[in-house]
Amino acid sequence: MFENLLEMQERGARDRARGRSLADNPMSKPDILPITDFQEWYSMFDAWRFGWSIEDAMAGHINMPRDGGALSPTYTRTV
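So, a few notes on the structure that sits alongside this text. The shown structure was predicted, so the numbers you read here are calculated from the model rather than taken from an experiment. (Residues numbered from 1 in each chain as written. Predicted model: local features only at pLDDT ≥ 70, side-chain atom pairs only at ≥ 80, totals over all residues. Heavy atoms only, no water.)

## Here's the deal with the packing of aromatic side chains
Then step 1. Counted under the stated rule, the structure contains five aromatic pairs.
Then step 2. Look at Phe38 and Trp41: their rings are 5.5 Å apart centre to centre, the planes differ by 35°, and that puts the pair in the tilted class. In this pair, Phe38 and Trp41 are both assigned in helix H2 (residues 38-58), three residues apart and thus about one turn of the helix distant.
Then step 3. Overall, Phe38 belongs to the exposed group, its relative accessible area being 56%.
Then step 4. For Trp41, a relative accessible area of 16% puts it in the buried group.
Then step 5. Ring pairs connect the aromatic residues Phe38, Trp41, Tyr42 and Phe45, which therefore count as one cluster.
Then step 6. Just above the ring of Trp52 sits the side chain of Arg16; from NZ or CZ to the centre is 5.4 Å. (Phe/Tyr/Trp six-rings, centres within 6.5 Å; stacked < 30°, edge-to-face > 60°. Helix = DSSP H or I, 4+ residues; strand = E, 2+ residues; numbered from the N terminus. Buried < 20%, exposed > 50% of the residue type's maximum accessible area, 1.4 Å probe, protein only. Lys NZ or Arg CZ within 6 Å of the ring centre and 35° of its normal.)

What is shown is where atoms sit, not what they do.
Right, here's the structure in full:
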C-alpha cells in the first residue's frame, strides 16, 4: 500500500503540473465507487491531494521582481 500512496502523490504532482485543479482528484470520481474500504480510499484521496499541493507550492506562487527588488509573496489556499 505504501508504494501505491507514493504513486498517487506523484500522480497528484503531475496533474498539478499539467494544470489540473483540486477538483480533478481521480479518487473523487464516481467510477471508483462503491468504496469498499473507506480508510484505503481516503488515504489515496489524501495522497493525491498532498502531491498536488506540494507541486502547487513548488510552482512558485511568488511574484519574482524584475528589478531585483524584494519578493512579494502571493498565497493561494489549496485546501
